[in-house]
Amino acid sequence: MSNVLTSRWLLSRRHFLRGLGTTLALPLLNAMAPISSAAEAAKPRRSVFVYIPNGVNGMAWQIKKPGRGYEFSPSLKPLEKLRDELTVFSGLHHPNALGQNHVCADTWLTGARIEAASGVYRNNVSCDQLMAETTSQDTRFSSLELSISGGTGSPKNSCTLAFSRDGVPLPAEENPRNIFERLFGEVKGGVAAQRTALNKTRSVLDTILDEARSLRLSLGTEDRTKLDEYMHSVRDVEQRSARLDSWLDVPKPKVDGAPFQRSVSKTQAGDYFRTMYDLIVLALRTDMTRVVTYMSGTEGNGLAIPEIGVTQTRHQLSHHNGDPEVLARLAKSDAFIMQQFAYFVDKLKTEMDGGEPLLDRTMVLFGSGMSYGHSHSNSNLPIVLAGGKALGLKHGAHIDYNKPHVTGEYKLDYEEWRNLCGKPKDERARLSNLMLTMLQKMDVKTEKFVDSVGAVSEVV
Amino acid sequence: METRPTLRTIEDLIANRHPASVCLDTRNSTGDARRIGANSTGFLLRMIHVRHIENCCFIRAALFAAAAFFCAARAEDKSGPAARTAEFDTAIKPFFAQHCYGCHGEKKQKGKFRIDTAPKDADSAGFEIPWGMALERLTAGEMPPEDEPQPTAKEREKVIEWISAQLQANEARRYATTERVSFRKLTREEYVNSIRDLLGVTYDAYDPTGLPEDPEWQGFERIGSVLTLSPTHVEKYLAAAEKVLSEALALKPQPKRDTGKWTAAQSAGGDLGKELARKGILDKVRKDIVPNNGQLDGVSVNVAVAGEYIFHAKMSGLRPPGGRAPRFKLYATDFSRTLFEQDVETAEDAPVTLEFRTHLPVGGHHVLICNAVPGPDSQNRPSRPLGTRPFFTMKDRVAWQIKLTDDDGKPIWPTILLDTIEWEGPVYESWPPPAHQRIFFGGESATKDIAYAREILTRFAARAYRRPLESPEIDRLVALVEKAQKLGDNFESSIKTALLAVLCSNNFLYLIEGNIAKPSPRLTDFELASRLSYFIWSTLPDERLIDLAAQGKLHESGTLGGEIRRMLKDPKALAFSESFPRQWLQLRNVGMFAPDKKLFPDYDDYLEKSMIAETTSFFREVVLRNQSIREFLDSDWTMLNERLAGHYGVTGVSGEALQRTVLKPGDHRGGLLTQASILSLTSDGTRHRPVHRGKWVLEAIVGKPPPPPPPNVPAIKTSTPTEPKLSLRAKIEAHRSDANCAACHRKIDPLGLAFDNYDAIGHWREEEAVGDGAGKNPKLDPSGELPDGRKFADAAGLKKLMVADLDKFANAFTEKLATYALRRGMTFADRLALNEIAAKGKAQDYKLTALIEALVLSDLFQRR
């Protein structure tokens, strides 16, 4: 593969975008030329979010000792060589997700309260999208949404982690070939044709916006929620197409696409996971985007792993009903997934980016919105945070919010696990705190994310 | 009747202050305040864990008892705010005065929470904030604190019930908001149907690249205030419009009809193929496709031009003695769509050719060839090891095949012998396509000037907007045509650009009702045409409806009655028979979590589709035969195909089509409640869930949903390997020993436990297969007691009690129907109208079509 340095693709179009509100002039090309001075250019900050469905087998996952120098549990063992690159958390939860069944996947990055069984589905903006608002000015793609199943899935059974400002799910892509094509493929029909098409689209958008505007005027200042929602959306798309236009003249990086052009079968789970992880690394390395979400399994579609003899899906495994045999298979599936994740983190660590490992400016949040799948418990979530050392994150410890509420050593038996997952031991141990921490490291100016009570002091 | 109490300012809401006396404004001046309430409290509402809510109508036995609804009076009747407030003072307030005001009242506000000033009436905006918080603490048993005097379980239950009923009323009111001009977005389904009727082309909205699924409220996907629109939607609508217009319009020469072919002989490639060709037997090669061949048999279909394609597939399908017929299925992996599936059963020497049409997008598609029946092996594998001797006949047994046939060469498993798959397309009804001819109505001889463009756009937009256009609207579109021509478009392309704008306009995407200049409580005839058409057909009004609207006749009751009867007979009414039961009964949850392959090895896609089809075709049958809604509760017939009949153990049904089948009592079926779709959507794929089933019955059938569960309910305990096996019923009963839980669960659980004889996929059983614990599987006990003391022995007994309560069900059903038709929640204010509709239905034995007609002819339907 060719070695593409990030800074070559680092562009600043803040200035350009600022002027967008009033006019849709041709892009100010010189304003977007790569910035040579490192002092001028803020170095990239990146975040990746990886979801696994249905929780884990906590008896094989839970790390016993809090703090540094802990012993890795069987399921986390594959991460051992990356000890100093990551932090393992116990006892985190989303208060709003408690008792919400499988809806925990929809809200993993949003922290929203959505009633599981009935009622209106309305989600919040996900934290990755808040980050993308900051990073998108510098990259061709504001964010990348990947998943085991393409599209958005259905409300309460989402197959995407990303939700827009309006709480609308952003469709994910599942096919490595299509993802590669979208990232690195040639512009269809050439730049001139694309530009004409964009111009035409903008005329259409102008027209429908005009139409809506005249209606809105007649409505006066009230009574226009739905129409306003429509107008905001149209205006937003107008800006997006202007942004697309501005990138048309910037050539895409040339990379080796061969590994992604073949057909990758999901029945070969390891190959599939690694191919997706490779794509994420490639997208980050070439600075096509700085924010990636990857739903490596949905609550309804968590891959079986035939290659290690696990033929049930994760949802089926998670309804183990206490059966030791099924629990063993769940642990086996967990360990396998961690192996793939270790491959990913390791790869980010080996890839160099301007003299430092890619991992050092990339934060990776890994985990599930469920803990004890059999009864859909959502406390004591399995969560790992890796990378981002150059952004100021401190790693190497197991941060356990179950202590001191749980006294003595973990027994790692079934009852203990079930109880740990049923109700949070520390109600301030919120997953949103960790998300707030990441948001701040991404330069998003905020002191709060949903129900956060403060950044995680242990890692900053 | 039109008056609704509201809040003075948004500041009041945020500060949770309320006017001492609720002001009663007229609707026109209150719409904005209501809207603000609905939006700004949404977040808070979620935070405080208020269960989203059923409509208010049937909530309270006490209100029923009052029966004041029938006193048609302009003044407040006994269900009005005054009566409700009075009830609060006598029945509810004392509880709070005794247990709560001490810490959360005038003197002290522990946790900055105060309940003595909370509004008493559910129609007050801001009601949900303090009461939602109070409900949560009460149901969780957190309040009053342990060291304080405790209320009895009965007292607690009464208060919980009051709060949750009021919260439901409050929420329904917020989803019923009517602005002076209301915008209700088309659902995904309605968009697809409208495009079909406008342009005659299919939009693949359900593919992963299509439109997002619509959010729902109580299963209903068409509630105006719930359907949102984001930039992603706008991008999707733009892309969709581009796609469908490209297909509908002939802006390029007619695409060449492309053909493709797959033959079994291809599987014998390379030297082997040459050898077989030399021997002259290459065309005798067939492909044997066994169950679970998974991803390994496939065909590449390259599509250069999107459109309709015709497929022909030639094969034999061998059914093993006593087993199922094989099921031929083609599945496109890149856009996750089943293109075709059908059971095939023909002799080996008498192959059949199946034909089907499907709409394909552009691209190189990988299409799996499957035999979609459960089979011997859960691992995917090719039908036959590659590179071995190709398959010719079942008689010719090679070592590998012995596992698949008996000594006589008869199949052990359902087996497909596939010869060829051929396809061609895109196919067009005519060229230019009909929509092109309709849009460019002047034909080739027309003068392509701006006047012609104006006429084209006026006609098309009027159809899309479902009303005549005003001239500034047309001017804007014409200006776009001129602009597009400046950008280099020819006449036709510039028209296409303007049509794109029409299809992305708010006037097309939203059902808009109301007019600032001419405010009226009644719908205009054009608005009525749309409301009616999207109710019954889920699509645009046809020309006849629009004509009647233009003549101003549609609202006349004679005309309207005739139209509704005509519409119900139209094939487009299938949309209602599919969509309404799907939304009302929450069928979208069927199969959300695939049943465990190990526990339910027979479960497959075909069964799942048959389950859903039973319910929707059952509904349709009731419409078509003009039957009573009583059938929904219990019936001596249902709709079955061979697959589902096998699942139910009903004999004598063959074929794939659902057919009306007479049931015997021993079949343990009848009505909706014991249909496999309902029984499985309330399960989780591994076990039945009695509490969920009970909750579903309360929501869908009784129309009286239970209050939300407290957070952090501990998980149900499993038995250790040495403890005896316990039925789920026993585990639940042990689990809810807490009196606080028992209060609500006494009402929920019996309605679910009654169906314990049906497992997680709706299969009948006498005992429960329990995985944990030791010893024999426990016998099931479906008996129970309703809150009013009536007892039942099993599901059949419960159904009888429900039939005896038909009036209550009719009320609940009428409300569901109105929610669907009016695209909003029903409120206290709608109560009287709903009762009148139900009463009209009763006069006709609650015939479904009579209820629909009564609804459409009602004031409720024709008002804003």
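Refer to the structure presented above.
Residues numbered from 1 in each chain as written. Chains lettered and ligands numbered in written order. Predicted model: local features only at pLDDT ≥ 70, side-chain atom pairs only at ≥ 80, totals over all residues.

A.B. asks: Any chance you could break down unusual backbone geometry for me, citing the residues and the numbers?
C.D. replies: The peptide bond linking Lys403 of chain A to Pro404 of chain A adopts the cis configuration, its omega dihedral lying at 0°. Of note, the amide linkage connecting Trp431 of chain B to Pro432 of chain B takes the cis form, showing an omega dihedral of -5°. Note that Pro432 of chain B resides in the loop between strand 12 (415–427) and helix 12 (434–439). Phi at Asp287 of chain A is positive, roughly 55°, even though this residue is not glycine. (Helix = DSSP H or I, 4+ residues; strand = E, 2+ residues; numbered from the N terminus.)

A.B. asks: Now, about the sheet that holds strand 3 (residues 86–92) of chain A: what can you tell me, with residues and values included?
C.D. replies: Residue and element names in this part refer to chain A. With respect to topology, eight strands assemble into an open sheet ordered 2-12-3-11-10-1-7-4, the strand pairing being mixed. Because the sheet does not close on itself, it has two edges, and the strands there are strand 2 (67–68) and strand 4 (144–147). Relative to strand 12 (residues 397–400), strand 2 runs antiparallel, the two being bridged by two bridges. Across the sheet, Gly67 pairs through a bridge with His398, a residue of strand 12. The strands touched by helix 3 (residues 127–135) within the sheet are strand 1 (46–51) and strand 7 (291–295), with strand 7 carrying the most contacts at an inclination of about 155°. (Pairing = 2+ DSSP bridges. Contact = placed C-beta atoms within 7 Å. Axes fitted to C-alpha atoms, helices over the stretch in contact; angles between N-to-C directions.)

A.B. asks: Just give me the short version of the nonpolar core, but keep the residues and values in it.
C.D. replies: One finds Val502 and Leu855 of chain B to be the most contacted residues of the largest nonpolar core, which totals 207 residues. Among the elements that take part in this core, helix 29 (residues 806–822) of chain B stands out by supplying nine residues, more than any other. When residues no more than four places from it in sequence are discounted, the contact partners of Val502 of chain B are Phe460, Ala461, Ala464, Leu477 and Phe508 of chain B. Counting 106 residues, the second largest nonpolar core, distinct from the first, contains Leu76, Cys127, Phe180 and Ala331 of chain A. (Core = buried A, V, L, I, M, F, W, Y, C linked by C-beta atoms within 7 Å. Buried ≥ 20, exposed ≤ 12 C-beta atoms within 10 Å, placed from the backbone.)

A.B. asks: Explain the packing of helix 5 (residues 190–219) of chain A against helix 15 (residues 491–504) of chain B to me, and be specific about the residues and the numbers.
C.D. replies: Across the interface, helix 5 of chain A lies against helix 15 of chain B with an axial gap of 9 Å and an inter-helix angle of 50°. Of the possible angle classes, the one that applies to helix 5 of chain A and helix 15 of chain B is oblique. Note on packing geometry: the crossing formed by helix 5 of chain A with helix 15 of chain B is right-handed. Along the contact surface, helix 5 of chain A presents Lys200, Val204, Thr207 and Ile208 of chain A, while helix 15 of chain B presents Thr497, Leu500, Ala501 and Cys504 of chain B. When its residues are assigned to classes, the contact of helix 5 of chain A with helix 15 of chain B shows five nonpolar, two polar and one charged. (Parallel < 35°, antiparallel > 145°, perpendicular 65-115°, else oblique. Left-handed = near helix turned anticlockwise from the far one by under 90°. Nonpolar A, V, L, I, M, F, W, Y, C, P; charged D, E, K, R; others polar.)

A.B. asks: Hey, could you go over the interface of chain A and chain B for me, with residue numbers and the actual values?
C.D. replies: Chain A puts 70 residues into the contact, and the matching count from chain B is 79 residues. Counting only elements with at least two residues in the side of chain A that touches chain B, the list comes to helix 5, helix 6 (225–247), helix 9 (314–318) and helix 11 (414–422) of chain A. The element that contributes the greatest number of residues to the side of chain A that touches chain B is helix 5 of chain A, accounting for 14 residues. Within the side of chain A that touches chain B, the residues separate by chemical class into 20 nonpolar, 34 polar and 16 charged.

A.B. asks: Lay out the environment of Ala331 of chain A with the relevant residues and their values.
C.D. replies: All names here are of chain A. For Ala331, the location among the structural elements is in helix 10 (residues 324–350). Considering only alpha carbons, one finds Ala331 and Gly58, 273 residues apart in sequence, at a separation of 8.3 Å. Apart from residues lying up to four places away in sequence, Ala331 is in contact with Asn57, Ala60, Pro74 and Ser75.

A.B. asks: Give a description of the packing of helix 29 of chain B against helix 30 (residues 831–843) of chain B that names residues and reports values.
C.D. replies: Residue and element names in this part refer to chain B. The contact between helix 29 and helix 30 brings their axes to 9 Å, and the two run at 115°. Judged by the sense of rotation from one axis to the other, the crossing of helix 29 with helix 30 is right-handed. Facing helix 29, whose interface residues are Ala810, Asn811, Thr814, Glu815 and Ala818, helix 30 presents Leu834, Ile837, Ala838, Gly841 and Lys842. Looking at the contact of helix 29 with helix 30 residue by residue, the class counts come to five nonpolar, three polar and two charged.

Honestly, it's all geometry; don't read function into it.
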